[in-house]
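Take a look at the letters that make up each chain.
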Amino acid sequence: MATTPTTIPVASTEPSDGSVRGRAIRLGLLGSILILAGGLGAGATLRHDPLLSNTVLGIWRYGHGKMLATFTLYTGVALLVWAWIMLARAIKANLVDTSGVVRAVVAWTAPLVLAPPLFTKDPYIYLAQGALANAGFDPYTDGPSRLLGPMSENVAEVWLHTPSPYGPLFIILIKSVVAVTGTNILLGVVLIRLLMLSGLALVCAALPGLCRHLGGKPAMALWLVAANPLVLIHLVAGAHNDLLMIGLLCSGTLFVLNRQHALGLALVGAAFAVKATAAVALPFLVWVWMAHRRDSSRIGSFAITAGLGAAIVVAVFGGFTLLAGVDLGWIGALDGNVIVDLWLSLPTVAGKLASSLLGIFVDVDAFEVVQAVRLGGWAVLAGVVGWLWWKSREGGPTAIRNAAFALLATVLLSSVTFAWYFSWPLVLAAAFAIPTKRVALVGGLSVLLILFTFPNGDTIQGNWGMVAVAVAASAFAGVKLLCALQNDAQPH
């Protein structure tokens, strides 16, 4: 009698979706926890911190304790970046989908919610501006120096006399935060961060839809923006209002592509009411709307579409202005940060180089030279944005791609550029199919931008040792990411 051979099941050696995602999430979560722990001593902590001042834990902020806190924080950053690269490789191998990326974003974000401001002191400025408005001062005229006590003592000295350059919607939000938290700055920072996290939620909700229109892979787009350590560290841990702005911009762009034009432009108008930069994208969205129309006259169609778009944005912005009880004084405050000279701004770098070269032959006022070159930068920016806009007449993906380039030009050619500004073009560009080498380049530059600022908010400019470390770490991360994305083997 013949016997039927039995088949012995063999366990698969291929990693599962859950195991790969789980390892990356756990590593990134550990990194975020270390960033939180290190940030309590090395971050932009309060001058009089009720958690650490006058307690035994205060050693975490001084001497060897602060050195250990700094080491802990940077170790956390390294682990978070490594987890991000692991996640990219898993996405490339189709082991992690959009829901997996969102789970990673949630896990990596959670510890950062409770951190002090990291790599910036801006949340203290926000709270001071809210306190100014609630005290009856005009935040578009008065700086935080008008206040006394903890609401102004934690603001960086360079910004003490600087009015707010932010839109009326953001003034409403920070007024509401201060109305709830009063002078409890720790609670105020956490509440601002939670409000800004609504922008991250909007990005996670809108990016997959943008990818359907623009050709990108949703999981990779979310990885490139929402899970990016640059966004998590600078926008989430830094609690910058740019996070809310890019969330509204991303959502509004999706609605316009979905032919819900009025709602889309209203959302981008709301982004403009948070931070003026969002206005750069508005003219490009007009072309998208116009391409959806069926008018026989192109000139007439443009006039109607542009008129309707302008009316929607003006109505939204005007409504928030009335609710905030302010005027248009933010326009005059937009140049308040020209006192800062960061290397990330091309006109600023060019101006400093020009003043140094001219100084060899003649006596020059370095500041005046930098200002002159910056003025030229604005002229070049206007020409670049105008050219990109005119090349976007067919609407559709071309207009959105050129809007992303226009935002990138705005970042590079503005008089002052901070590291997190690069999230502006990234949120739209990520929805396209980006070649692997460019993704790796973006990843490497993201690491460089993270490290461009010290955890307490000071810049690394002039610290050539730290500059060398940042460049080396950026190059290493970019190469590792390129290898991860080009390797067809399954993640280990």
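Predicted model, so just to flag it, every value in this text is computed and none were measured.

Asks: Please explain the overall build of the protein as it appears in this structure.
Replies: Across its full length, the protein carries 20 helices and zero strands. Taken over C-alpha atoms, the radius of gyration comes to 24 Å for the protein, in line with the 23 Å a tight globule of 492 residues would show. When the backbone C-alpha atoms are referred to their principal axes, the protein occupies close to 100 × 75 × 55 Å. The 492 residues of the protein split such that 54% are buried. On the protein, roughly 21,100 Å² of surface is accessible, and the fraction owed to carbon and sulfur atoms is 68%. Side chains of the protein carry 28 positive and 20 negative charges; the gap between the two charge centres is 13 Å.

Asks: Help me understand the layout of surface pockets, please; the structure alone is not making it clear to me.
Replies: Using a probe with the size of a water molecule, rolled over the atoms, empty space left in the structure can be pinpointed. Taken as a whole, the second largest pocket encloses approximately 700 Å³ of empty space. Elements that contribute at least two residues to the lining of the second largest pocket include exactly α17 (396–413), α18 (423–429) and α19 (436–451). At seven residues, α19 tops the list of elements feeding residues into the lining of the second largest pocket. In terms of residue class, the lining of the second largest pocket is built from 18 nonpolar, one polar and two charged.

Asks: I tried to follow the environment of Ile434 on my own but got confused; where do I start?
Replies: When you line up the elements, Ile434 lands in the loop between α18 and α19. Residue classification places Ile434 among the partly exposed positions, given a relative accessible area of 28%. Distance from Ile434 to Val380, taken between C-alpha atoms, is 27 Å for residues 54 residues apart in sequence. The contact partners of Ile434, leaving out residues within four places of it in the chain, are Leu224, Ala429 and Val439.

Asks: Honestly, the nonpolar core in this entry has me stumped. Any pointers?
Replies: Side chains of nonpolar character tend, in soluble globular proteins, to be buried together. Judged by nonpolar contacts, the single largest core of 163 residues is most densely connected at Leu87, Val101, Trp108, Leu207, Leu210, Trp223 and Leu243. Once you skip the residues sitting within four places of it in the chain, Trp108 turns out to touch Ala24, Ile25, Gly28, Leu29, Ser32, Leu80, Ala83, Trp84, Leu87, Ala227 and Leu232.

Asks: What is the right way to read the packing of helix α4 (residues 122–134) against helix α7 (residues 185–214) from this model?
Replies: Relative orientation of the contacting elements α4 and α7 amounts to 100 degrees, with a least axis distance of 10 Å. Accordingly, the angle class assigned to the pair α4 and α7 is roughly perpendicular. Two secondary-structure elements touch here, α4 through Pro123, Tyr124, Tyr126 and Leu127 and α7 through Ile185, Gly188, Val189 and Ile192. For the contact of α4 with α7, the residue count by class is seven nonpolar, one polar and no charged.

Asks: So what exactly am I meant to see when it comes to the side chain of Lys275 here?
Replies: Structurally, Lys275 is set in the loop between α11 (261–272) and α12 (282–292). Reaching out from Lys275, the side chain makes a polar contact with the side chain of Asp242 at a distance of 2.9 Å. Those residues within four positions of Lys275 in sequence are excluded, and the remaining contacts are Tyr166, Asn241, Asp242, Met245, Tyr421 and Trp424.

Asks: Could you clarify how one ought to interpret the pattern of salt bridges in this entry?
Replies: Should the charged atoms of two oppositely charged side chains come close, the side chains can pair. Counted under the stated rule, the structure contains four salt bridges. One salt bridge connects Lys121 with Asp458, and the closest N-O pair in it is separated by 3.8 Å. Here Asp458 lies in the loop between α19 and α20 (464–486) and Lys121 lies in the loop between α3 (98–109) and α4, a separation of 337 residues in the sequence. Under the relative-accessibility criterion, Asp458 is labelled partly exposed at 38%. With its nearest N and O atoms 2.9 Å apart, the salt bridge here joins Asp341 to Lys352. Taken together, the residues Asp341 in the loop between α14 (330–333) and α15 (346–359) and Lys352 in helix α15 connect sequence positions 11 residues apart. Judged by relative accessible area, which is 33%, Asp341 ranks as partly exposed. The exposure class assigned to Lys352 is partly exposed, which follows from its relative accessible area of 31%.

Asks: Help me understand helix α8 (residues 218–225), please; the structure alone is not making it clear to me.
Replies: Every α-helical turn comprises 3.6 residues, leaving residues that sit three or four positions apart pointing alike. Of all eight residues that make up α8, seven are buried, and the element is covered over most of its length. Looking only at α8, the buried set comprises Ala219, Met220, Ala221, Leu222, Trp223, Leu224 and Val225.

Asks: How do you make sense of the environment of Val370 when you look at a structure like this?
Replies: Mapped onto the fold, Val370 is located in helix α16 (residues 366–390). We classify Val370 as buried; its relative accessible area is 9%. Separated by 68 residues in sequence, Val370 and Arg438 have C-alpha atoms that sit 32 Å apart. Setting aside residues up to four positions removed in sequence, Val370 forms contacts with Thr348, Gly351 and Lys352.

Asks: Please explain the packing of aromatic side chains as it appears in this structure.
Replies: Between two aromatic rings, the relevant description is the distance of the centres plus the angle of the planes. Tallied over the entire structure, the rule returns 15 aromatic pairs. Summarising the aromatic geometry, the rings of Phe418 and Trp420 are spaced 5.0 Å apart at their centres and angled 10 degrees between planes, so their arrangement reads as stacked. Like Phe418, the residue Trp420 is buried in the burial classification. We note Arg393 situated over the ring of Trp390; from NZ or CZ to the ring centre the distance is 4.2 Å.

Asks: When you look at the state of the cysteines in this model, what are you seeing that I'm missing?
Replies: In a disulfide, the sulfur atoms of two cysteines are held together by a covalent bond. Using the criterion set out here, one finds zero disulfides in the structure. Of all cysteine sulfurs in the structure, the one in Cys250 sits closest to Cys204, which takes part in no disulfide; the separation is 9.3 Å. No disulfide involves Cys250; its sulfur sits 8.8 Å from the nearest other cysteine sulfur, which is in Cys211.

Asks: So what exactly am I meant to see when it comes to unusual backbone geometry here?
Replies: Most peptide bonds take the trans form, and the phi angle of most residues other than glycine is negative. Located in the positive-phi region is Ala239, a residue other than glycine, with phi close to 55 degrees. Note on placement: Ala239 falls in the loop between α9 (229–236) and α10 (242–257). The backbone of Arg259 shows a phi angle near 70 degrees, a positive value even though the residue is not glycine.

Conventions and cut-offs
Residues numbered from 1 in each chain as written. Predicted model: local features only at pLDDT ≥ 70, side-chain atom pairs only at ≥ 80, totals over all residues. Heavy atoms only, no water. Helix = DSSP H or I, 4+ residues; strand = E, 2+ residues; numbered from the N terminus. Rg over C-alpha atoms; globule rule 2.2 N^0.38 Å. Buried < 20%, exposed > 50% of the residue type's maximum accessible area, 1.4 Å probe, protein only. Areas by Shrake-Rupley, 256 points an atom, 1.4 Å probe, with all protein chains shown as cover. Lys, Arg positive; Asp, Glu negative; His and termini not counted. Charge placed at Lys NZ, Arg CZ, Asp CG, Glu CD. 1 Å grid on protein atoms, 1.4 Å probe; cavity = no way out; pocket = protein on both sides within 12 Å on 5 of 7 lines; lining within 4 Å. Points joined across faces, edges and corners; volume = space filled by probe spheres on them. Nonpolar A, V, L, I, M, F, W, Y, C, P; charged D, E, K, R; others polar. Contact = heavy atoms within 4.5 Å. Core = buried A, V, L, I, M, F, W, Y, C linked by side-chain atoms within 4.5 Å. Axes fitted to C-alpha atoms, helices over the stretch in contact; angles between N-to-C directions. Parallel < 35°, antiparallel > 145°, perpendicular 65-115°, else oblique. Polar contact = N/O pair within 3.5 Å; in protein donor to acceptor, adjacent residues only side chain to side chain. Salt bridge = Lys/Arg side-chain N within 4 Å of Asp/Glu carboxyl O. Phe/Tyr/Trp six-rings, centres within 6.5 Å; stacked < 30°, edge-to-face > 60°. Lys NZ or Arg CZ within 6 Å of the ring centre and 35° of its normal. Disulfide = S-S within 2.5 Å.

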